[in-house]
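Here's the letter readout for the chains.
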Amino acid sequence: MGDLSIAQDLIDGVADAMADLGASRVVRIFTEGALTPGDPGAGGARTPENLSVEALLYDYEDQYIDETTVLSGDRKAIISIGPLTVAQIGGIEPGSLLVDGADIYTIVKTGEIEVAGVVVTMILQIRGA
């Protein structure tokens, strides 16, 4: 494993950049509850948790829109994960939501940027409802 201070420096750098370029948004993750013994096929109740993050949203360049993996209208988001716990970062997955004011996007794909085995930021593919 590499130097963890470098990873922390990058986390801090992303947080600074997002404070200058991004805006406060909410990532809504879901935790699956316990199964009901009398009805296990129903699944557990999903509990939402709203995480305040700094994020920069931007559009895909036309050359990447293939209407299969990346649809017209899909966007990307870079988020600052500095204030989040490891469990919260792990909860950011396809199906989670990114809320930008009145606009709600579904997270389609996540990409973690790691340094020395530590996640320093995430890049999300998001799709409007």
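Each value, and the rule that gives it
- Residues numbered from 1 in each chain as written.
- Predicted model: local features only at pLDDT ≥ 70, side-chain atom pairs only at ≥ 80, totals over all residues.
- Heavy atoms only, no water.
- Helix = DSSP H or I, 4+ residues; strand = E, 2+ residues; numbered from the N terminus.
- Buried < 20%, exposed > 50% of the residue type's maximum accessible area, 1.4 Å probe, protein only.
- Contact = heavy atoms within 4.5 Å.
- Pairing = 2+ DSSP bridges.
- Axes fitted to C-alpha atoms, helices over the stretch in contact; angles between N-to-C directions.
- Salt bridge = Lys/Arg side-chain N within 4 Å of Asp/Glu carboxyl O.
- Core = buried A, V, L, I, M, F, W, Y, C linked by side-chain atoms within 4.5 Å.
- Polar contact = N/O pair within 3.5 Å; in protein donor to acceptor, adjacent residues only side chain to side chain.

## Regarding the overall build of the protein chain
Logical step 1: When you go through the protein chain residue by residue, the secondary structure sums to two helices and six strands.
Logical step 2: Across the protein chain, helices and strands are ordered from the amino to the carboxyl terminus as α-β-β-β-α-β-β-β.
Logical step 3: For the protein chain, with 129 residues in total, the buried portion stands at 31%.
Logical step 4: In the protein chain, the share of contacts with a sequence separation of at least 24, taken over all contacts with a separation of at least 6, comes to 55%.

## Some words on the sheet that holds strand 4 (residues 97-100)
For sheets, the rule is that strands pair by backbone hydrogen bonds, running either parallel or antiparallel.
Logical step 1: In spatial order, the strands read 1-2-3-6-5-4; together these six strands close into a barrel with antiparallel pairing. This sheet shows a mean twist of 45 degrees between the axes of neighbouring strands, independent of strand direction.
Logical step 2: When strand 5 (residues 103-115) meets strand 6 (residues 118-128), the two strands line up antiparallel, connected through ten bridges. Pairing of I113 across the sheet is with T121, part of strand 6.

## Overview of the pattern of salt bridges
Logical step 1: All chains considered together, the criterion is met by three salt bridges.
Logical step 2: Where R75 meets D59, a salt bridge forms, and the shortest distance between an N and an O atom there is 2.9 Å. Here R75, found in strand 3 (residues 75-79), pairs with D59, found in strand 2 (residues 46-59); they are 16 residues apart in sequence, far enough to count as distant.
Logical step 3: Where D74 meets R127, a salt bridge forms, and the shortest distance between an N and an O atom there is 2.8 Å. With a gap of 53 residues between them, D74 in the loop between strand 2 and strand 3 and R127 in strand 6 connect regions that are remote in the sequence.

## Remarks on the nonpolar core
Nonpolar side chains tend to gather and get buried jointly when the protein is soluble and globular.
Logical step 1: In this structure, I79, I92, L98, M122, L124 and I126 are the most contacted members of the largest nonpolar core, which totals 19 residues.
Logical step 2: Filtering out sequence-adjacent residues up to four positions away, I92 remains in contact with V27, I29, I79, L84, I107, T110, M122 and L124.

## Looking at the pairing of strand 4
Logical step 1: The pairing of strand 1 (residues 23-32) with strand 4 spans three bridges and is classified as antiparallel. By the bridge assignment for strand 4, V26 is matched with V99.
Logical step 2: Two elements, strand 4 and strand 5, share four bridges in a ladder whose sense is antiparallel. Following the sheet pairing, L97 is matched in strand 5 by T106.
Logical step 3: Hairpin geometry of strand 4 and strand 5 is characterised by an intervening segment of two residues between the two adjacent antiparallel strands and by a positive phi of about 65 degrees at G101.

## Notes on the side chain of D74
Logical step 1: Since its relative accessible area comes to 3%, D74 is described here as buried.
Logical step 2: Side chain to side chain, D74 and R127 meet in a polar contact 2.8 Å long.
Logical step 3: When sequence neighbours within four positions are dropped, the list of residues in contact with D74 reads Y60, T69, Q125, I126 and R127.

## A closer look at the environment of Q88
Logical step 1: The topology assignment puts Q88 in helix 2 (residues 86-91).
Logical step 2: For the pair Q88 and E49, spaced 39 residues apart in sequence, the C-alpha separation works out to 8.9 Å.
Logical step 3: Leaving out residues up to four positions away in the same chain, Q88 has contacts with I29, E49, L51 and P83.
Logical step 4: Of note is the side chain of Q88, whose polar atom sits 2.9 Å from the backbone nitrogen of T85.

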